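Coordinate analysis (summary)
For reference, the chains in residue letters:
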Amino acid sequence: MAEEEYGTFVDWSQMGDLATSSGPTKLDCKELKEFKQMARQGYWAKNHKLRAQVYQQLIKTIPCRTVTPDAEVYRDIIGDAAAKKPSSHIPLPEFVDGNPVPRYCLKVEAVASAHRIINCVAGQFPDISHCPSLPALTALLLHFSKDEAQCFEHVSRILACNEPGKRLLDQTFLAYESSCMTFGDLANKYCTAAHKLIVATAQDVVEVYADWQRWVLGDLPFAHMVRVLDVYLVEGYKVLYRVAIALLKFYRKHKTGGQAGQNQQQLDSGKIRSDIQAFIKGIGSTVTPEKLLEKSFSIRLISRKEITLLQVTNEKSLQQKGITVKQKRRNVQLALDPDTFSSEIVSAKEMHDIWSWIPERFALCQPELLFTTSTHGCSLSRFYSHCEGHEPTLLLIRTTDGDVCGAFLSSDWEERKRGGNKLSYFGTGECFVFRLKPEMERYEWVVIRHPELASAIRPAGPDDPAAAADPSADQSLPQPDKPPGELSPFLATHHFNLNSKNTSMFMAGSFDSIIVGGGGDSNALFIDAELNHGHTGRCTTFDNPPLCKESFQISLLEAWGFQDAMAH
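The name given to the protein chain in an unreviewed UniProt entry is TBC1 domain family member 24, with the source organism recorded as Poecilia latipinna. Annotation of the protein chain in UniProt includes, under Function (unreviewed entry), the sentence "May act as a GTPase-activating protein for Rab family protein(s). Involved in neuronal projections development, probably through a negative modulation of ARF6 function. Involved in the regulation of synaptic vesicle trafficking." Listed in UniProt under the heading Subunit (unreviewed entry), the comment for the protein chain reads: "Interacts with ARF6."

Look at helix H4 (residues 110–124): 21 Å from first C-alpha to last across 15 residues, which is about the 21 Å you get at 1.5 Å a residue. Counting buried positions along H4 gives 11 out of 15 residues, so the element sits mostly inside the fold. Within the span of H4, buried status applies to Ala110, Val111, Ala112, Ser113, Ala114, His115, Arg116, Ile117, Ile118, Cys120 and Val121. Against the buried residues of H4 lie helix H3 (71–78), helix H5 (134–142) and helix H6 (148–159).

In this section: the pattern of salt bridges. According to the stated counting rule, one finds 24 salt bridges in the structure shown. The partner of Arg75 in a salt bridge is Glu72, with the nearest N and O atoms 2.7 Å apart. Pair noted here: Arg75 and Glu72 are both in helix H3, with a separation of three residues, about one helical turn. In this structure Glu72 comes out as partly exposed when scored by relative accessible area, which is 46%. In this structure, the salt-bridge partner of Glu444 is Arg442, at a minimum N-O distance of 3.6 Å. Glu444 sits in the buried class, given a relative accessible area of 8%. Residue Arg442 is classed as buried on the basis of its relative accessible area, which comes to 10%. One connected set of salt bridges, linked through shared partners, spans Glu207, Asp211, Arg214, Asp219 and Arg273.

The subject of this paragraph is the confidence of the model for the protein chain. Interpreting fine coordinate detail is not advised for predicted regions of low pLDDT. For the protein chain, the mean per-residue pLDDT works out to 84, and 85% of the residues sit at or above 70. Here residues 258–262 scores under 50 on pLDDT; set against residues more than four positions off or in separate chains, the count is three contacts. Confidence over residues 456–488 falls short of pLDDT 50; this stretch has 65 contacts with residues more than four positions distant or in other chains.

This part is about unusual backbone geometry. Between Glu391 and the following residue, Pro392, the backbone shows a cis peptide bond with an omega angle of 0°. Structurally, Pro392 can be placed in the loop between helix H19 (380–387) and strand S2 (393–399). Although it is not a glycine, Tyr104 adopts a positive phi angle of roughly 50°. As for its placement among the helices and strands, Tyr104 is situated in the loop between H3 and H4. Overall, Tyr104 belongs to the buried group, its relative accessible area being 15%. Its identity as a non-glycine residue notwithstanding, Leu531 has a phi of 50°, on the positive side.

This part takes up the packing of helix H2 (residues 48–60) against H6. Where H2 meets H6, the axes come as close as 10 Å, and the angle between the chain directions of the two elements is 40°. Between H2 and H6, the angle falls in the class oblique. As H2 packs across H6, the resulting crossing turns out to be left-handed. Between H2, through Gln56, Ile59 and Lys60, and H6, the contact on the second element is made entirely by Gln150, His154, Arg157 and Ile158. When the residues that make up the contact of H2 with H6 are grouped by side-chain class, the tally is two nonpolar, three polar and two charged.

Turning to the packing of aromatic side chains, a few remarks are in order. What the rule picks out here adds up to 28 aromatic pairs. With 5.9 Å between their ring centres and 70° between their planes, Phe383 and Trp413 make a pair best called edge-to-face. One end of the pair, Phe383, is in helix H19; the other, Trp413, is in the loop between strand S3 (404–409) and strand S4 (432–437), and 30 residues separate them in sequence. Lys295 extends its terminal NZ or CZ atom over the ring of Phe250, reaching a point 5.7 Å from the ring centre.

With that settled, the discussion passes to the pairing of strand S12 (residues 551–563). Summarising the sheet, strand S1 (residues 366–372) and S12 pair through six bridges and their orientation is antiparallel. Across the sheet, the residue bridging to Phe371 is Ala559, located in S12. One ladder, built from three bridges, connects strand S11 (residues 533–535) with S12; its direction is antiparallel. Paired with His535 across the bridge in S12 is Ser551.

Criteria and thresholds
- Residues numbered from 1 in each chain as written.
- Predicted model: local features only at pLDDT ≥ 70, side-chain atom pairs only at ≥ 80, totals over all residues.
- Heavy atoms only, no water.
- UniProt positions renumbered as here; feature names shortened; annotations may be inferred.
- Helix = DSSP H or I, 4+ residues; strand = E, 2+ residues; numbered from the N terminus.
- Expected span 1.5 Å × (residues − 1).
- Buried < 20%, exposed > 50% of the residue type's maximum accessible area, 1.4 Å probe, protein only.
- Contact = heavy atoms within 4.5 Å.
- Salt bridge = Lys/Arg side-chain N within 4 Å of Asp/Glu carboxyl O.
- pLDDT = per-residue confidence, 0-100.
- Axes fitted to C-alpha atoms, helices over the stretch in contact; angles between N-to-C directions.
- Parallel < 35°, antiparallel > 145°, perpendicular 65-115°, else oblique.
- Left-handed = near helix turned anticlockwise from the far one by under 90°.
- Nonpolar A, V, L, I, M, F, W, Y, C, P; charged D, E, K, R; others polar.
- Phe/Tyr/Trp six-rings, centres within 6.5 Å; stacked < 30°, edge-to-face > 60°.
- Lys NZ or Arg CZ within 6 Å of the ring centre and 35° of its normal.
- Pairing = 2+ DSSP bridges.

Structure, rendered in structure tokens:
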């Protein structure tokens, strides 16, 4: 059994294999890179005392605000109360949003200690307005603390982390809400089959993804959660996204028995949420902690910098919609209303499916018909005049053969004028092309699926040494010089040191044609000036097959904008 020194609050009968300490008893490591490797390998995973000491060491190195409350502050505040038995009847602060303290492997009375610690934290951090993961994190750290005061200090340091670009725990509703949106975006990109399953079975995908943090910090069994905590304390918040995506993949496998494409009935979102929660709570019977971590780190996510940019962009979008500290999730639901939506090309159900692919900050908007050939005629100049000033736009095409395809285009068509008379590409890596009929498929920027095509992430700023060193990237895309906030910085090509500019040809327009997707021998979509004839083929940017018959006649073309549903 592990030393009582770090097991005051632990019910050892609940600890299973973790109750018996084995493996290394010391750790001689100062380099972060080494820590990262050891954490992923589980170097201290079999020795309770060593794990507790490593956690202490890692938390001590977190850069914090100058005045961060420590163990002494806790002892001063609690004072004589420390001798009294804490009560779990003391309610938790409102900012935990009703989330209870999970017991994990704590003694029953230790849950009351967690209550006391969290209430003390609330007094010391008056700026916390929404932190639903705090009860789970406090309970976890209590397993490895000598006393309540040490646990309080560890929790405080995690909350007070002030390293630029590093966040360990969401502490406002805005940060939490945008993390839910960011998770939705990541699941959409890196967990396509599972995302498709959730879209097919849940009435409200947004509501299902709102639970993502609780899946990890709350629902995971203790043996799995401590392995996640090992890595989280070394690598930070991005680990939570990785693990949640892995859990979603395992859930999908569990639901389909490894066979996708079964007909799914759409259920109340609450039932899907409960089903996922039950699956994660019982995951130990099918997935070991090591297998979960292995899956989490086999997912080739975009860089931390890009995830941070996406998070910031989502936060800005929510701020523009008036989301601040305490607005509840139901106010920011998917805005597509099947009763009012009307298109001559797609049904409300098909548009709902397209909406599930769109970045979450735009999926909160209402679709607004900007241009249709049936009303505005077959004129490219009229297409431009109706679409300019709108960003992003959605292009829908129905061919005379009845095929339906299209594109989500991240940038304003006005950007085409920057090239003068010369055809030049613009847009960002959020662009994608798709087909709906004969079957539904989306094709995203090839760099998302193959990050190796970007040899390195470029440093920001005009004096970018990578740009000078890489002549092939010199004009991969002229980037619009727009005020911040107008154009999403997320997946802008100037962040990437691309091996070839052929992989970043998103959209282009001239007086006689529009092009979506370039590079290689063809375009994903080429449409002529009369909006009458087009062709489609494989292009390097999206690595897509032809979206319909290679040479096609257009029966109908629509362009949709995104109207802020919350501004009305």
